[in-house]
Structures are given as structure tokens and as C-alpha cells.
Amino acid sequence: MADKETGSESKNEKSNETQISDYATTLANIVRQFQNTNPISPQQHKFWETQPVGQFKDVRDLSLPEGPIEDPKPISEVKQDPYNLPSAYEWTVCDMSSDEACAEVYTLLTNNYVEDDDHMFRFNYSKEFLRWALCSPGYFRNWHIGVRAKGSMKLVAFISGIPVKMRVRDRVFKMAEVNFLCVHKKLRSKRLAPVMIKELTRRIHLENVWQAAYTAGVLLPTPMTTCQYWHRTLNPKKLVDIGFSRLDDRMTMSRYIKLYKLPTATTIPGLRKMEPRDVPDITRLLRAHLRRFEVGPEFDDDDVGHWLLPRDNVVDCYVVEMPETREVTDFLSFYTLPSSVLHNPNHSTLKAAYAFYYVSTKTPLLQLVNDALIVAKMSGFDVFNALDVMENESFLKELKFGPGDGLLYYYLYNYRFKQALKPSETGLVLL
């Protein structure tokens, strides 16, 4: 339910003249393209056709109601026993507070998680990042599900969920955010993933939660929105050296470096790192901001404290404080997600920053994000990535972001939309 495409690792950047969120990528066109390229196997998604998700065949049927597809049922009617795995494997709970369990999950993901299509880069979530991502307020330890090989006791697969409050239009739901679905490369013919998804769904239902949010870099039935990653070069020479970027025939390295040069100091008066005392102000700003979108999380102070207070090499957050009143009027945040550089003799890691949540009330958004780029550059990041969700379209071209290859699809489980949302109607960032 949560595999995602390494959009940040697209080495073929398209021209900046590309139309942002070109609605040749509307859902109907995407489904049509999928069907045209898969004429022999219309049952490509047999598993998802058994699940309460929007189906491709229904995309143009506006008579179907928007909202939950299946009603909640009594917890006593939820399957009480785990689903059966192949006989050589067994379920395990990965206790992320344990150094040993955290290291096992880290090792599995580092060696087997998402790669780009050309197998040049692979996500490399740090142990600290995984704890941050999975141990959010109110998390359920048994939603962090592993599969072990009985013989070796080696962790060979993993899937996770965390509880969230999500607003969809004018309704707030208890949901799960599902992420980190990973199966060891040698076991991908065993059909473990559908069983893992069903088992996590069962455990989520046992907590009386009936909807979930997830992303994927592949087209499944049926996206609520389709987004694209954009990349802003911070370390031009390294990105060319590792094959992330390419120089046009008419572009020299010196001109390329000059093109992406940034100031050596931030420009916004009163910009400083977020502190615990800022949590209530940021919660107030963020809640008001996210209500502008059709879908977005409902954060409280505990959520904001967890997700946005700075953690070294995990998440950065900066606030703008008015000198006279000490009022926090704006903030920006980004998280750290490096990728392993595969098969390169000179570099082993691509250090990438990802745009997270922000609010602009007094400071122009363009200036706010430009200072985020400066901070990231000074902190040694190689590239700054942003999806075209929320208001991001307004700064991407101006700040020299280039569109990457591939698309990132957002999904809701057990919720049907009559029409797909635009990225700019989506106020949700999933890790």
C-alpha cells in the first residue's frame, strides 16, 4: 500500500518549459494510457479489485456517491487471527524503540527499498528518521509488522501504519498512514505484499479505523491525485558526477554552477530555528493553512511538536518572528532523506532535502522557500525536492526547480472521490 517511486532520483530532468501539473495527467487519461499499454492483462490489479477502493471501471461514473465505500462494522466481526503466511515465514512485531529491531528494519530498507528505474539510487532512511516516522503520537506498536524467515530468523519483509486525523473536504476521519512496504528482493515472487497489506488492514480495523492514506509510484486503482517531484540543484557538479543531472550540449560546468548559485546568507529578518515555545503558534498557523485544501491532516500541538521540532539529520524547521511583537508569522520545514548512490566509485550518498509543511502570512512564499534553499545549501544538501502539492506551483519555476521523471500517486483506502483532485487541492505530505 505504500511503495513509492524515487522521484527525487530522476536523472533525466525535463525542460522548465514543461507545463506544471499538465492535465494530460488527468485521471481519465492516465487510466486510458494504462489500459492501452496493458491490453493483454486487464486483470493487472486483481488484489486491488477485491478492496474497497475506487476502481478504474468506475472513473467516469459520476452517479457513484463520494465518501466511504464500506461502512464500519463491529470490532467483533473483524477477523481476530492473523492471516496465514507461507509455511517458511512468520509474523513479527518490530519494536522501533529497540535498537536491535530498528537496525533490522533499517538494514532491510537500505538494501531492498525503492530504487529508480535505472538502479542508480536507492532511498536510505536513517534509523533516527525511521523512529521519527513510525513513533508518532498515539502510535500502535503492532502496526509495525515484519515477516521473518523461520529458518534464519532474518527479517525479510516489513510494512507499517501510524494513526492520523485526516480531514477530507468537511469531514474528519481517524485514518492510518501506511508506509515502508518492503519485501526482500529475492522473495518478490512469493506474493507476500498482498498478505501483508491485508494483515495490516486487519490490525488497523481492530482499532476501529476504516480509512488509510498511502502513496505509490505505480498506478493502482484509483488515485485521489497525481503529483510530480521537482528538483532544485544545490550541488551541480556532484549531481552531474553521479548521473542525477546531465549537462546540455551547450552548457559548460562553470555556467551550470553559476546558474544554480545561491546567496551565502538568508535574507528574511527574524528567521531562526524553531523552538518548543513555538509549537502553539505553528499549530495555529498550520491548522488554518491546511483548511484551504480538500484533503489534509488535522494537527494538534503534540503532532506539531513531533513532526516539526528540529532533529539532526531528520527534520529542520525555521520560523519568522517579528522583532517588535515576538509573534511567529511564518515558518518553513524540510526533512532529510538521503539516497545511496549505487555503482559510483567517487560518491556513496546523495543528500536530499524534501519540502515538508510551511505557512506564509507576512513573508512572501517565494522568499521563504528561497531561504530554505539557502539553509539547505549551507547544511551540505545536494538537492532540494518538492512535490507540486499545496501552493508549491507558485515558486517551482521561479526558483529554478526542474521536473523529474515519473509520477507520485496519492491514494485513500475505503474512500471514493467522484473526480480526482488537483495537486494544488492536496494539503498532505507523506514521508
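- If you look the protein up in an unreviewed UniProt entry, it shows as Glycylpeptide N-tetradecanoyltransferase from Cuscuta australis.
- Its UniProt record gives the protein a comment under Sequence similarities (unreviewed entry), which states: "Belongs to the NMT family."
- According to its UniProt record, the protein has this under Catalytic activity (unreviewed entry): "N-terminal glycyl-[protein] + tetradecanoyl-CoA = N-tetradecanoylglycyl-[protein] + CoA + H(+)".

**Re the packing of helix 7 (residues 279-290) against helix 8 (residues 301-308)**
When two helices pack together, their arrangement is given by the angle between the helix axes and the distance between those axes.
Now for step 1: For the pair helix 7 and helix 8, the least separation of the axes is 9 Å and the interaxial angle reads 105°. By the criterion of interaxial angle, the relationship of helix 7 to helix 8 is roughly perpendicular. The residues of helix 8 that touch helix 7, namely those facing Val 279, Pro 280, Ile 282, Thr 283 and Leu 286, are Asp 301, Val 304, Gly 305 and Leu 308.
Now for step 2: Classifying every residue of the contact of helix 7 with helix 8 gives six nonpolar, two polar and one charged.

**Describing helix 2 (residues 99-112)**
Now for step 1: The end-to-end C-alpha distance of helix 2, which contains 14 residues, comes to 20 Å, matching closely the 20 Å that a straight helix rising 1.5 Å per residue would cover.
Now for step 2: Taken together, the buried positions of helix 2 are occupied by Ala 101, Cys 102, Val 105, Leu 108, Leu 109, Thr 110 and Asn 112.
Now for step 3: In the core, the buried residues of helix 2 are packed alongside strand 2 (121-123), helix 3 (127-134), strand 4 (155-168) and strand 5 (171-183).

**Concerning the pattern of salt bridges**
Note on pairing: side chains with opposite charge can pair once their charged atoms come close.
Now for step 1: The tally for this structure, following the rule as stated, stands at 24 salt bridges.
Now for step 2: Salt-bridge contacts for Asp 95 lead to Arg 141; the nearest nitrogen and oxygen are separated by 3.3 Å. With a gap of 46 residues between them, Asp 95 in the loop between strand 1 (89-93) and helix 2 and Arg 141 in the loop between helix 3 and strand 3 (144-149) connect regions that are remote in the sequence.
Now for step 3: Of the charged contacts in the structure, one is a salt bridge between Glu 321 and Arg 326, with a shortest N-O distance of 3.2 Å.
Now for step 4: Here the residues in one salt-bridge network are Arg 272, Glu 275, Arg 277, Asp 278, Glu 321 and Arg 326, joined through shared partners.

**Brief notes about the sheet that holds strand 11 (residues 315-321)**
Now for step 1: Pairing in this open sheet of seven strands is mixed, and the strands run 9-11-12-15-16-8-17 from one edge to the other. Edge positions in the sheet fall to strand 9 (271-273) and strand 17 (402-403), since each of these pairs with one other strand and no more.
Now for step 2: Strands in contact with helix 7 are strand 11, strand 12 (328-336) and strand 15 (352-359); relative to strand 12, the strand with the most contacts, it is inclined by about 85°.

**Points about the packing of helix 2 against helix 3**
Now for step 1: Contact pair helix 2 / helix 3: the axes reach a minimum separation of 10 Å and the direction vectors enclose 105°. Here helix 2 is positioned roughly perpendicular relative to helix 3, judged by the angle of their axes. Within the contact between the two elements, helix 2 uses Asp 99, Cys 102, Ala 103, Val 105, Tyr 106 and Leu 109 and helix 3 uses Lys 127, Leu 130 and Arg 131.
Now for step 2: Class assignment for the residues of the contact of helix 2 with helix 3 results in six nonpolar, no polar and three charged.

**What to know about the sheet that holds strand 14 (residues 349-350)**
Now for step 1: Read from one edge to the other, the open sheet built from three strands follows the order 2-13-14, with strand pairing classed as antiparallel. Edge positions in the open sheet fall to strand 2 and strand 14, since each of these has one partner strand only.
Now for step 2: In this sheet, strand 13 (residues 339-341) lies alongside strand 2 in antiparallel orientation, the contact comprising three bridges. Across the sheet, residue Phe 123 finds its bridge partner in strand 13, namely Ser 339.

**Notes on the pairing of strand 5**
Now for step 1: Taking burial as the measure, the 13 residues of strand 5 include 10 buried ones, the bulk of the element.
Now for step 2: Relative to strand 5, strand 4 runs antiparallel, the two sharing 11 bridges. By the bridge assignment for strand 5, Ala 157 is matched with Val 183.
Now for step 3: Between the antiparallel neighbours strand 4 and strand 5 lie two residues, among them Arg 169 with a positive phi of about 55°.
Now for step 4: At this point the chain moves from strand 5, through helix 4 (residues 192-205), to the parallel strand 6 (residues 211-216), and the crossover so formed is right-handed.

**Considering the packing of aromatic side chains**
Now for step 1: Applying the stated criterion to the full structure yields 29 aromatic pairs.
Now for step 2: Ring geometry for Tyr 214 against Tyr 411: centres 5.2 Å apart, planes inclined by 15°, an arrangement best described as stacked. You can see Tyr 214 sitting in strand 6 and its partner Tyr 411 sitting in strand 18 (residues 408-413), a full 197 residues away along the chain. Assigned by exposure class, Tyr 214 and Tyr 411 land together as buried.
Now for step 3: A cation over a ring is seen here: Lys 79 above Tyr 83, with NZ or CZ 5.1 Å from the ring centre.
Now for step 4: Lys 351 extends its terminal NZ or CZ atom over the ring of Phe 381, reaching a point 4.5 Å from the ring centre.

Rules of the game
Residues numbered from 1 in each chain as written. Predicted model: local features only at pLDDT ≥ 70, side-chain atom pairs only at ≥ 80, totals over all residues. Heavy atoms only, no water. UniProt positions renumbered as here; feature names shortened; annotations may be inferred. Axes fitted to C-alpha atoms, helices over the stretch in contact; angles between N-to-C directions. Helix = DSSP H or I, 4+ residues; strand = E, 2+ residues; numbered from the N terminus. Parallel < 35°, antiparallel > 145°, perpendicular 65-115°, else oblique. Contact = heavy atoms within 4.5 Å. Nonpolar A, V, L, I, M, F, W, Y, C, P; charged D, E, K, R; others polar. Expected span 1.5 Å × (residues − 1). Buried < 20%, exposed > 50% of the residue type's maximum accessible area, 1.4 Å probe, protein only. Salt bridge = Lys/Arg side-chain N within 4 Å of Asp/Glu carboxyl O. Pairing = 2+ DSSP bridges. Right-handed = clockwise from strand over helix to strand, strands pointing away. Phe/Tyr/Trp six-rings, centres within 6.5 Å; stacked < 30°, edge-to-face > 60°. Lys NZ or Arg CZ within 6 Å of the ring centre and 35° of its normal.

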